[in-house]
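# Observations on the model geometry
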Amino acid sequence: MKKLDWYLIRKFLGTFVYSMILIILIVVVFDVSERIGNFISREAPLRAIIFDYYLNFIPFFVNMFSALFTFIAVIFFTSRMAANSEIVAILGSGISFKRLLVPYLLCAVLIGLVNVYLASDMIPKVNRTRIAFQKEYVWNRIFTHDRNIHIQYDSTTFFYVESFNIPNNIGHRFTKEIICPEQGMLKKISAESARFDTSTSLWRLSNYHIRILDTLGEFIQHGHEKTLEIGLLPTDFFRTREDVSMMTNRELKEFIERERLRGSNRVRELRYDYMVRFSHPFAALVLALIAVSISSRKMRGGTGFHLAMGLMVAFLFIFFLQMSRVFATQGNMPVWLAAWLPIFIFGLVALVLLRLAPK
């Protein structure tokens with residue numbers, strides 16, 4: 001039986017790696033043709049294009065689509081085996097279908113473990129170089145705003161800006177409050193705008209108003225412009241999805257806690273992104289079971305029919321992934337349930353198909 005196990009493992013991993021390399025080459029060719037204008041106009045160095053962008057793009061792409069490539073690889077080589085009557089011969093020799101699944105499960109678990117490592121540690125690190133290159137040579141300057149931002153700096157210090165402009169590092173309708181639970185409001189600083197000066201790492205307040213309350217009474221100061229150190233950076237007011245993708249699991253967990261303290265409305269989305277890093281690797285296992293159940297039966301349509309059925313299942317899986325994100329970020333569904341819901345649903349589908357598979 002060991003020979004058969006190694007035979008199936010070589011088939012599985014060989015087809016997976018071959019299909020992955022083929023698709024990566026095709027994607028890189030299309031990406032180069034799309035971005036060549038940006039590379040030339042912004043004079044991107046060839047070394048940076050190869051090593052900073054495309055070399056770091058490969059693990060990002062592998063992690064994102066490995067579950068689907070696992071599915072396609074299993075469909076392809078198993079349907080070929082079924083068409084050549086290899087599956088019938090294996091089952092006819094007395095080997096049970098459950099025993100036949102062992103090498104499939106081992107390969108799927110291996111791919112899932114690699115995905116966990118990539119998503120948790122390697123991808124955030126390579127994304128820092130890749131995204132820095134894209135910001136420098138690919139992306140256009142986009143003016144992004146976030147609105148009604150609340151930040152709790154510590155137990156007594158609170159910040160608020162009505163809107164924040166990322167490219168200009170300007171927060172509009174800025175407020176800083178120091179509130180003591182026993183004494184109430186101690187100090188309030190408000191300004192029409194607060195702009196971060198990158199040369200001094202200080203904030204310049206425009207049309208500011210300062211109100212200080214103590215035992216001696218109330219002190220009020222106002223003016224046109226004032227330089228102030230508030231202990232925050234512009235990135236504390238706004239984080240893009242690209243910033244999140246550059247965080248390791250530990251960094252993302254700490255960032256979620258900071259966002260929760262500041263009352264951010266992105267906490268549900270961030271928790272979903274964190275949980276998906278652990279649920280997504282299980283997709284390779286579930287899709288591998290579905291694929292072997294579909295393709296192990298010899299049918300008149302052959303490999304083409306199996307691939308058609310496989311693509312339909314793959315598109316349904318992607319649809320459920322997108323729907324789960326909507327449920328997590330905009331609905332009332334618990335975040336953990338939304339992250340694991342596609343795995344649960346397709347896990348049940350896999351169990352049903354396994355019962356119907358040829359024995």
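Below is a short write-up of the structure.

What counts, and at which threshold
Residues numbered from 1 in each chain as written. Predicted model: local features only at pLDDT ≥ 70, side-chain atom pairs only at ≥ 80, totals over all residues. Heavy atoms only, no water. Axes fitted to C-alpha atoms, helices over the stretch in contact; angles between N-to-C directions. Helix = DSSP H or I, 4+ residues; strand = E, 2+ residues; numbered from the N terminus. Parallel < 35°, antiparallel > 145°, perpendicular 65-115°, else oblique. Nonpolar A, V, L, I, M, F, W, Y, C, P; charged D, E, K, R; others polar. Expected span 1.5 Å × (residues − 1). Bend = angle between axes of the 7 residues up to and from the residue. Buried < 20%, exposed > 50% of the residue type's maximum accessible area, 1.4 Å probe, protein only. Left-handed = near helix turned anticlockwise from the far one by under 90°. Contact = heavy atoms within 4.5 Å. Patch = residues over 30% accessible without salt bridge, like charges linked within 9 Å, V, L, I, M, F, W, Y side chains within 5 Å. Areas by Shrake-Rupley, 256 points an atom, 1.4 Å probe, with all protein chains shown as cover. Salt bridge = Lys/Arg side-chain N within 4 Å of Asp/Glu carboxyl O. Core = buried A, V, L, I, M, F, W, Y, C linked by side-chain atoms within 4.5 Å.

Packing of helix α7 (residues 267-295) against helix α9 (residues 335-356) brings their axes to within 7 Å, and their N-to-C directions diverge by 5°. For the element pair α7 / α9, the angle class is roughly parallel. Residues that form the contact of α7 with α9 fall into these classes: 21 nonpolar, three polar and two charged.

A separate point is α9. The first and last C-alpha atoms of α9 sit 33 Å apart over 22 residues, in line with the 32 Å expected at 1.5 Å per residue. The largest bend in α9 is about 45°, located at leucine 341, with the proline proline 342 one to four residues further on. Taken together, the buried positions of α9 are Val335, Ala338, Ala339, Pro342, Ile343, Phe346, Ala350 and Leu354.

As a further point, take the packing of helix α4 (residues 97-137) against α7. The N-to-C vectors of α4 and α7 enclose an angle of 155°; their axes lie 8 Å apart at closest approach. Considering their axes alone, α4 and α7 lie roughly antiparallel with respect to each other. Viewed along their axes, α4 and α7 form a crossing whose handedness is right-handed. Here Leu101, Tyr104, Leu105, Ala108, Ile111, Gly112, Asn115, Val116, Ala119 and Pro124 of α4 come into contact with α7, specifically with Arg277, Pro281, Ala284, Leu285, Ala288, Leu289 and Val292. Residues belonging to the contact of α4 with α7 are distributed by class as follows: 14 nonpolar, two polar and one charged.

Turning our attention to a nonpolar patch on the surface. A grouping of Leu46, Ile50, Phe51, Leu55 and Ile58 is seen on the molecular surface, where their side chains present a nonpolar patch of about 460 Å² in accessible area. For phenylalanine 51, the location among the structural elements is in helix α2 (residues 46-83). According to the relative accessible area criterion, phenylalanine 51 is partly exposed, its value standing at 41%.

Here we take up the nonpolar core. If you look at soluble globular proteins, the nonpolar side chains tend to sit buried side by side. Phe71, Val74, Leu100, Tyr104 and Ile290 are the most contacted members of the largest nonpolar core, which totals 48 residues. Going through the elements one at a time, α1 (2-41), α2, α3 (86-92), α4, α7, α8 (302-330) and α9 are the ones with two or more residues in this core. Ignoring any residue separated from it by four or fewer positions in sequence, one finds leucine 100 in contact with Leu8, Ile87, Ile90, Leu91 and Ile95. In this structure, Phe174, Ile189, Trp203 and Tyr208 belong to the second largest nonpolar core, which totals 18 residues.

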